[in-house]
Amino acid sequence: MISRKKLIAGNWKMNKTSADALTLVADLVASVGRQTDVEVVVCPPFTSIETVGKAIEGSTLKLGAQNMHPEANGAYTGEVSAPMLRALFTTHVILGHSERRALFGETDAFVNKKVLTALKNQLKPVLCVGESLGERELGLTLKIVQTQLEAGLDGVSKDLAPSVVIAYDPVWAIGTGKVATTEQAQEVHAFIRSLLTKLFTEPVAQKVRILYGGSMKPANAPELLAQKDIDGGLIGGAALEARSFVELVTAAAAAK
Ligand code: PEP
């Protein structure tokens, strides 16, 4: 069986000025900047991408963006494109986060365009999928995840599929302190892996990292990260402080 390198990605959301971002990333470089057992990605707001990119030069940390427009340039006020991100040495981009879907009306079709554009530009998409509390209570979890996953990956080739990272982010667990139980998370991760197998074949599906996101903290991470199909975490709140984020990276290294 292929062993997948664990990935811990910090989504800083709309937090930190450039100065604050620099302080945080300097701490991360000092603590986990030589980490090679775990892939560590930091995703600051656009305003700090360049500053953070310079601060991680020479370390093993990688740079991610939180969003991106599918077009390369044009009249899209307020948006940022893949070539712009690439020019700042961004390697990853979070796409289809539930906050983008719920607050900014992003559809599966729009997210799919971004996924294809990211791959064309050698950016690794972190495609987020996940159900709301109401959908879980109606027993629709797997159906929602399947729809978002299949639509988001439409047109992705078997060759490029291993560059995609999937994040299972149950909406009801994001920023709420409610974490999915290990069984709930592993069930959905295994389901996602089975869908990837159908879409791309078993060997390809075995290469794709599937992250869990939703109130992952140092206290609950070891158990989640020990699950067969949980290959890391997409971290919101706990990524805003060096200490908790470093503990999550350490937990992922121990779980490998
Ligand atoms: C997220 O926004 O993807 C997330 C997982 O946030 P939090 O860790 O704060 O729940």
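My aim in this report is to walk through the structure given alongside it, one point at a time. As the structure is a computational prediction, the values presented were derived from the model and not from experiment. (Residues numbered from 1 in each chain as written. Predicted model: local features only at pLDDT ≥ 70, side-chain atom pairs only at ≥ 80, totals over all residues. Heavy atoms only, no water.)

Focus: the packing of aromatic side chains
Step number 1: Applying the stated criterion across every chain, the model contains one aromatic pair.
Step number 2: The ring of Phe104 has Arg100 sitting right over it, with the charged end atom 4.1 Å from the ring centre. (Phe/Tyr/Trp six-rings, centres within 6.5 Å; stacked < 30°, edge-to-face > 60°. Lys NZ or Arg CZ within 6 Å of the ring centre and 35° of its normal.)

Here we look at the pattern of salt bridges
Step number 1: Counted by the stated rule, this structure contains 12 salt bridges.
Step number 2: When the shortest N-O distance is used, the salt bridge between Lys62 and Glu39 registers 3.2 Å. Here Glu39 lies in strand S2 (residues 38-43) and Lys62 lies in strand S3 (residues 62-65), a separation of 23 residues in the sequence.
Step number 3: According to the relative accessible area criterion, Lys62 is partly exposed, its value standing at 31%.
Step number 4: Glu39 sits in the buried class, given a relative accessible area of 10%.
Step number 5: A salt bridge links Asp108 to Arg101, with the nearest nitrogen and oxygen atoms 2.6 Å apart.
Step number 6: According to the relative accessible area criterion, Arg101 is buried, its value standing at 16%. (Salt bridge = Lys/Arg side-chain N within 4 Å of Asp/Glu carboxyl O. Helix = DSSP H or I, 4+ residues; strand = E, 2+ residues; numbered from the N terminus. Buried < 20%, exposed > 50% of the residue type's maximum accessible area, 1.4 Å probe, protein only.)

Focus on the pairing of strand S1 (residues 6-11)
Step number 1: With six of six residues buried, S1 lies mostly within the body of the structure.
Step number 2: Neither face of S1 is left uncovered, since the one carrying Lys6, Ile8 and Gly10 and the one carrying Leu7, Ala9 and Asn11 both have all their residues buried.
Step number 3: As paired strands, S1 and S2 are joined by six bridges and run parallel to one another. Its bridge partner being in S2, Gly10 is matched across the sheet by Val42.
Step number 4: Between S1 and its parallel partner S2, the chain crosses via helix H1 (residues 18-32), and the hand of that crossover is right-handed.
Step number 5: Pairing analysis gives four bridges linking S1 to strand S8 (residues 232-235), with the strands arranged parallel. Each residue of the ladder has a partner; that of Ile8, found in S8, is Gly233. (Pairing = 2+ DSSP bridges. Right-handed = clockwise from strand over helix to strand, strands pointing away.)

Re empty space enclosed by the protein
Over the atoms a probe the size of a water molecule is rolled, and this reveals where empty space is left.
Step number 1: In the structure shown here, the tally under the stated rule is one cavity of 30 Å³ or more.
Step number 2: Of the pockets and cavities examined, the largest cavity occupies roughly 40 Å³.
Step number 3: Lining the largest cavity are Gly96, His97, Ser98, Arg101, Cys128, Val129, Gly130, Gln148, Asp169 and Val171.
Step number 4: Among the secondary structure elements, those contributing two or more residues to the lining of the largest cavity are helix H4 (98-104) and strand S5 (124-129).
Step number 5: In terms of residue class, the lining of the largest cavity is made up of three nonpolar, five polar and two charged. (1 Å grid on protein atoms, 1.4 Å probe; cavity = no way out; pocket = protein on both sides within 12 Å on 5 of 7 lines; lining within 4 Å. Points joined across faces, edges and corners; volume = space filled by probe spheres on them. Nonpolar A, V, L, I, M, F, W, Y, C, P; charged D, E, K, R; others polar.)

Describing the layout of surface pockets
Step number 1: For the largest pocket, the calculated volume is near 450 Å³.
Step number 2: In this structure, the largest pocket is lined by 18 residues; those nearest its centre are Lys13, Met14, Gln66, Asn67 and Arg100.
Step number 3: Only helix H2 (46-55) and H4 provide two or more residues apiece to the lining of the largest pocket.
Step number 4: The computed volume of the second largest pocket comes to approximately 220 Å³.
Step number 5: Lining the second largest pocket are 14 residues, and of these Gly53, Lys54, Glu57, Leu88 and Phe89 sit closest to its centre.
Step number 6: Contributions of two or more residues to the lining of the second largest pocket are made by H2 and S3.
Step number 7: In terms of residue count, the dominant contributor to the lining of the second largest pocket is H2 (three residues).
Step number 8: Here the lining of the second largest pocket is composed, by residue class, of six nonpolar, four polar and four charged.

Brief notes about the environment of Gly105
Step number 1: Within the secondary structure layout, Gly105 lies in the loop between H4 and helix H5 (108-120).
Step number 2: The sequence separation of Gly105 and Ala255 amounts to 150 residues, and the corresponding C-alpha distance is 37 Å.

Let's talk about the site of the ligand
Step number 1: The ligand sits among 14 residues. The nearest are Lys13, His97, Asp169, Gly175 and Ser215.
Step number 2: Interatomic distance of 2.6 Å between a side-chain N/O atom of Lys13 and an oxygen atom of the ligand.
Step number 3: Ser215 places a polar main-chain atom, nitrogen or oxygen, 2.7 Å from an oxygen atom of the ligand.
Step number 4: Notes on the ligand: free accessible area 290 Å², of which the protein chains cover 97%. (Near = heavy atom within 4 Å. Polar contact = N/O pair within 3.5 Å; in protein donor to acceptor, adjacent residues only side chain to side chain. Areas by Shrake-Rupley, 256 points an atom, 1.4 Å probe, with all protein chains shown as cover.)

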